[in-house]
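# Fold and contact review
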Amino acid sequence: MPGIDECLLETMRLPGALGAALVDWTSGLALGTIGDSPGGDHEAAAAEAAEFARSAVEHPVFAPGAPDTADELVEDVLVTAQGGYHLLRFVRTAYDSSIFLYLWLDRELGNLALARLRLRDLAERLVLA
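Only a predicted model underlies this, so the values are computations on that prediction, with no experimental measurement involved.

### Considering the sheet that holds strand S5 (residues 99-106)
Spatial ordering of the open sheet is given by S2-S1-S5-S4-S3, a layout of five strands whose pairing is antiparallel. Two strands in the sheet have a free side with no partner beyond their single neighbour: strand S2 (29-35) and strand S3 (76-80). Along the sheet, successive strands turn relative to each other by an average axial angle of 15 degrees, direction set aside. Two elements, strand S1 (residues 17-24) and S2, share six bridges in a ladder whose sense is antiparallel. Pairing of Asp-24 across the sheet is with Leu-29, part of S2. On top of the sheet, helix H2 (residues 42-58) reaches S1, S2, S3, strand S4 (84-91) and S5; it is set at about 120 degrees to S2, its chief contact. Helix H3 (residues 112-125) rests against S3, S4 and S5 of the sheet, and its axis sits at about 25 degrees to S4.

If you want it as structure tokens, here you go:
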């Protein structure tokens with residue numbers, strides 16, 4: 001089972017991967033980063049992505065029903081931009097599940113379907129110690 005560094009290294013093996021981070025969406029802090037970041041600042045990108053993730057998770061329009069219903073939880077969030085894709089995959093943990101993997105992909109070189117599948121797998125196997 002990969003830890004944070006191994007997980008981020010695996011994300012960079014995806015076609016078109018430009019950069020990645022593991023982010024705590026309650027604080028906006030990056031727990032780990034690799035590669036490039038939109039705007040050139042990993043911490044700013046993490047804080048802004050956390051704000052976006054928090055909005056998706058906390059608003060019932062995206063996950064209707066009881067907050068503790070597993071089939072109603074937001075799994076991932078995708079933003080498409082002219083130059084790339086921004087994919088946020090939530091990591092379910094035993095305690096508070098406030099972590100997500102953030103992947104920035106080149107739009108022309110990236111494979112969005114593959115990235116979603118690989119991030120899902122990594123999120124399930126990630127060991128946070």
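There is more to say after this.
### A word on the side chain of Asp-24
Of note, Asp-24 is situated in strand S1. Put simply, Asp-24 is tucked away with no salt bridge, and the nearest opposite charge, on Arg-54, sits 6.8 Å away. Looking at Asp-24, its side chain comes within polar contact range of the side chain of Thr-26, at 2.6 Å. Not counting chain neighbours up to four residues away, the residues in contact with Asp-24 comprise Leu-29, Leu-31, Ala-50, Ser-98 and Ile-99.

Cut-offs applied
Residues numbered from 1 in each chain as written. Predicted model: local features only at pLDDT ≥ 70, side-chain atom pairs only at ≥ 80, totals over all residues. Heavy atoms only, no water. Pairing = 2+ DSSP bridges. Helix = DSSP H or I, 4+ residues; strand = E, 2+ residues; numbered from the N terminus. Axes fitted to C-alpha atoms, helices over the stretch in contact; angles between N-to-C directions. Contact = heavy atoms within 4.5 Å. Buried < 20%, exposed > 50% of the residue type's maximum accessible area, 1.4 Å probe, protein only. Lys, Arg positive; Asp, Glu negative; His and termini not counted. Salt bridge = Lys/Arg side-chain N within 4 Å of Asp/Glu carboxyl O. Polar contact = N/O pair within 3.5 Å; in protein donor to acceptor, adjacent residues only side chain to side chain.

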